[in-house]
Amino acid sequence: MNFPILPGSTIGILGSGQLGRMLAIAARQLGYRVAVYSPDTDTPAGQVADVEAVGDYLDEERLADFAQRVSVITFEFENVPSIASEVAARHTLVRPAGRVLHTTQERLREKTFLRDNGFPTTPFREVKTHTDLHAAVRDLGLPAVLKTASFGYDGKGQQKVYAQSDLAEVFASLKGATGIYEAFVDFEKEISVVAARTADGQFAAFPVFENRHANHILDVTFAPAAIGPHLAQEAVELARGILEKLGVVGLLTVELFVTKSGQLVVNELAPRTHNSGHLTMDACVTSQFEQQVRAVCCLPLGSTALRAPAAMANLLGDVWAKGEPNWAAALADPDVKLHLYGKAEPRVGRKMGHLNACGLSVEAAIARVTAARERLVS
Ligand code: AMP
């Protein structure tokens, strides 16, 4: 079904966090109506949508009713149970399709898909029992990373394994969940590619982003990544291959490691917009959120060109530790752009907003957003 879904139609979003909020704002700018569905109320996305539907992802009746009222359903959160996308697909278009979510919401399925299709990943093993863990250590060696296969993000449910003597403790940390044991990648840097694909086969990728983490949470992203043009092209072609093989209609983010010898290794896929793509809002001709709208509505994709070197700094709840942040001090630099997500409770580690800026160089852009963030707590 390659017909365009035109402005004036209603886009349904499953999930209601900040990615849904920025998607809803982009959709409304393009003249669409927006309905969001999640179990919560007064959500970041619900605050800016036309309709905030509240229901469990397993409530088939409510989901069916929601799906009947929208022209297309897309996601801002991939851990929606498969049944939700199956029910929705009986009533409307679901983009990307449920099978894309199914593959990408569980690390073992995701890595198996990548490996079996010839995309580079680190060697891995499934770990259900103590014996599996010992066999994985024997096969893949140490150090390694043991992750829960499902529901992990921002380093949650993840342990580095250094020595045989750690095994009992790291196995216990799985708390009965299935794990994935991954050979440790001694990487030089982490990059990501956010790319879009439409039902009629258009493809567009944003410039490669380079990501720096602090305490396992994305801290700063900048673009263009400090890698050579051949490696950047290779990363984009890898993303193209993955979107095509998975049959993605919509957006998909590929998180990659660049090893010390200059090889690309795929770490993770996300079938949606991504925190590392937030700088596109102020630095690219088309934002990642507008691109998701265009992709799921089968409109021509927008230009992903970067207008200038750019950087993004995340604002976590930690910034509120000493009370209300000093917004005026941060915005004293008129080139800094503030994005807040409308979350009432600033918990430590919780993503509350971000700062974007462009500069004459990547270094200048990074300096601008990090200095503004420091002024918030001055
Ligand atoms: P993830 O939850 O898979 O995105 O992992 C969070 C972070 O942990 C990544 O951004 C990396 O910094 C690190 N990490 C994850 N997997 C590995 C690995 N196999 N080798 C080395 N570092 C890893």
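From a predicted model like this one, the values you see are computed outputs, not experimental measurements.

Thresholds applied
Residues numbered from 1 in each chain as written. Predicted model: local features only at pLDDT ≥ 70, side-chain atom pairs only at ≥ 80, totals over all residues. Heavy atoms only, no water. Near = heavy atom within 4 Å. Polar contact = N/O pair within 3.5 Å; in protein donor to acceptor, adjacent residues only side chain to side chain. Helix = DSSP H or I, 4+ residues; strand = E, 2+ residues; numbered from the N terminus. Salt bridge = Lys/Arg side-chain N within 4 Å of Asp/Glu carboxyl O. Buried < 20%, exposed > 50% of the residue type's maximum accessible area, 1.4 Å probe, protein only. Pairing = 2+ DSSP bridges. Axes fitted to C-alpha atoms, helices over the stretch in contact; angles between N-to-C directions. Parallel < 35°, antiparallel > 145°, perpendicular 65-115°, else oblique. Left-handed = near helix turned anticlockwise from the far one by under 90°. Contact = heavy atoms within 4.5 Å. Phe/Tyr/Trp six-rings, centres within 6.5 Å; stacked < 30°, edge-to-face > 60°. Lys NZ or Arg CZ within 6 Å of the ring centre and 35° of its normal.

Caption draft 1: Looking closely at the site of the ligand. Neighbouring the ligand are 16 residues; Arg107, Lys147, Val185, Glu190 and Glu268 lie closest to it. For the ligand, a nitrogen atom lies 3.2 Å from a polar atom in the backbone of Ala183. Taking Glu268, its side chain carries an N or O atom lying 2.8 Å from an oxygen atom of the ligand. Those elements giving two or more residues to the shell around the ligand turn out to be β7 (144–148), β9 (179–183), β10 (187–197), β14 (250–259) and β15 (264–270).

Caption draft 2: Broad picture of the pattern of salt bridges. For the structure on display, the rule yields 20 salt bridges. One salt bridge connects Glu268 with Arg107, and the closest N-O pair in it is separated by 3.2 Å. Of this pair, Glu268 sits in strand β15 while Arg107 sits in helix α5 (residues 107–116); the two residues are 161 residues apart in sequence, bridging distant segments of the chain. The same class applies to Glu268 and to Arg107, which are both buried. Note that Arg125 and Asp139 form a salt bridge whose closest N and O atoms lie 3.2 Å from each other. Of the two residues, Arg125 sits in strand β6 (residues 124–127) while Asp139 sits in helix α6 (residues 130–140), which places them 14 residues apart along the sequence. Given the relative accessible area of 32%, Arg125 is considered partly exposed. For Asp139, a relative accessible area of 40% translates into the label partly exposed. Salt bridges sharing partners connect three or more residues here, namely Arg28, Arg33 and Asp50.

Caption draft 3: Summary view of the sheet that holds strand β4 (residues 72–75). Read from one edge of the open sheet, five strands run β3-β2-β1-β4-β5, paired in parallel fashion. Sheet topology places β3 (51–54) and β5 (93–94) at the edges, where each strand pairs with a single neighbour. As paired elements, strand β1 (residues 10–14) and β4 share four bridges and run parallel to each other. Considered in β4, the bridge of Ile11 is made with Val72.

Caption draft 4: Inspection of the packing of helix α1 (residues 18–29) against helix α10 (residues 288–296) at higher detail. Where α1 meets α10, the closest approach of the two axes is 8 Å, and the angle between their N-to-C directions is 70°. As summarised for this structure, α1 and α10 are arranged roughly perpendicular, according to the angle between their axes. Handedness of the crossing formed by α1 with α10: right-handed. Across the interface between the two elements, Leu19, Met22, Leu23, Ala26 and Ala27 of α1 pack against Phe289, Glu290, Gln292 and Val293 of α10.

Caption draft 5: Inspection of the environment of Val296 at higher detail. With respect to the secondary-structure elements, Val296 resides in helix α10. Taking the C-alpha atoms as reference points, Val296 and Ala195, separated by 101 residues in sequence, lie 13 Å from one another. The contacts of Val296, once residues within four sequence positions are left out, are Ile5, Val72, Thr74, Arg95, Val249 and Gly250.

Caption draft 6: The arrangement of the packing of aromatic side chains in detail. Taken as a whole and judged by the stated rule, the model has six aromatic pairs. Measuring from centroid to centroid gives 6.2 Å for Tyr37 and Tyr57, while their planes differ by 40°, and the two rings are tilted. Pair noted here: Tyr37 is in strand β2 (residues 33–38) and Tyr57 is in the loop between β3 and α2 (60–68), with a separation of 20 residues, a long-range link. Tyr57 matches Tyr37 in its accessibility class, with the two residues each being buried. Both rings, one in Trp320 and one in Trp327, keep their centres 5.5 Å apart while their planes meet at 65°; by these two values the pair is edge-to-face. Overall, the relative accessible area of 19% leaves Trp327 in the buried class. Positioned above the aromatic ring of Phe184, the side-chain terminus of Lys160 is 3.9 Å from the ring centre.

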